[in-house]
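# Fold and geometry: a report
The primary structure of each chain is shown beneath.
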Amino acid sequence: TSWTQYSFSFTPTVGDTDAVLHFNLAATTDSVWLDGVSVSATSSGTPTPTPTSTSTGTNLLTNGSFDSSGLSPWYTITHSGGSGSVAQDCTTSGDGGCSAEATITQANNSNDWYFQFSQANLALSANQAYTVNFWAKAAASRPISVGMQQVNSPWSVYGQQGFILTTSWTQYSFSFTPTVGDT
């Protein structure tokens, strides 16, 4: 099978020095592979859906290709009603030598955020467009959502998008401007 890359762009209306990127994976039980994850500033203007995004900045994430020893500084968040694990998988990759394999063992299709794979400490500037890019595939066709939000209460969501993964590595693109502020 081949890889496909997924991405979405967003423009936060406020600055945040500790935003978090979440992959919400608890919709179904199975495995999901992620690779080549990046968050970067994009050219100004109103984001619109495009097959690819124009990155103007460096990747704000660390170890987005999961090639470092282990997955650090990525981490999982598990809520009651969802469970799973994430491990480095060096047998398949779309960007570098390894990917992250998430195995979801307890699903909640109403609350996909019950099991999350995340990275925090991301600094965002107000009114700057950003693009989140990632490669992904799943053991079976399934939904996931990806979101950028505040790391603490009130957990304002700066941008979120749902995707349907297939068994082939795929690239997605999504652009939007969030209506939520950091209050």
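Below you will find a few notes about this structure. (Residues numbered from 1 in each chain as written. Predicted model: local features only at pLDDT ≥ 70, side-chain atom pairs only at ≥ 80, totals over all residues. Heavy atoms only, no water.)

Taken as a whole, this structure holds one disulfide when the rule is applied. A disulfide bridge connects C90 with C98, and the sulfur atoms are separated by 1.9 Å. Across the S-S bond of C90 and C98 the torsion is about 90°, and the bridge reads as right-handed. On the basis of relative accessible area, C90 is assigned to the partly exposed category, the value being 47%. (Disulfide = S-S within 2.5 Å. Buried < 20%, exposed > 50% of the residue type's maximum accessible area, 1.4 Å probe, protein only.)

The subject of this paragraph is the nonpolar core. Counting 34 residues, the largest nonpolar core has L21, F23, L25, W74, F117 and F134 as its most contacted members. At the level of secondary structure, the elements contributing two or more residues to this core comprise β2 (16-24), β3 (30-41), β6 (99-106), β7 (115-124), β8 (130-138), β9 (142-150) and β10 (157-165). Excluding residues within four positions of it along the chain, L25 makes contact with V32, A102, I104, D112, F115, F117, R142 and I144. (Core = buried A, V, L, I, M, F, W, Y, C linked by side-chain atoms within 4.5 Å. Helix = DSSP H or I, 4+ residues; strand = E, 2+ residues; numbered from the N terminus. Contact = heavy atoms within 4.5 Å.)

What follows concerns the sheet that holds β2. Taken in spatial order, the five strands make up an open sheet running β4-β7-β2-β9-β10, and their pairing is antiparallel. Two strands close off the open sheet at either side, each with one partner strand: β4 (75-78) and β10. Put simply, the sheet's adjacent strands are angled 25° from each other on average, direction ignored. (Pairing = 2+ DSSP bridges. Axes fitted to C-alpha atoms, helices over the stretch in contact; angles between N-to-C directions.)

Another aspect to go through is the environment of T131. Mapped onto the secondary structure, T131 falls in strand β8. T131 sits 72 residues away from N59 along the chain, and the two C-alpha atoms are 9.7 Å apart.

Going through the model one piece at a time under the given rule, you end up with seven aromatic pairs. The interplanar angle of 45° and the centroid separation of 6.3 Å between the aromatic rings of F23 and W74 together place this pair among those described as tilted. Remark: W74 occurs in the loop between β3 and β4 and F23 occurs in strand β2; sequence separation between them is 51 residues. On the basis of relative accessibility, which here comes to 0%, the residue F23 falls in the buried class. Grouping aromatic residues by their ring pairs yields a cluster made of F23, F66, W74, F117, F134 and F163. Residue placement shows K137 over the ring face of W33; its charged tip is 5.1 Å from the ring centre. (Phe/Tyr/Trp six-rings, centres within 6.5 Å; stacked < 30°, edge-to-face > 60°. Lys NZ or Arg CZ within 6 Å of the ring centre and 35° of its normal.)

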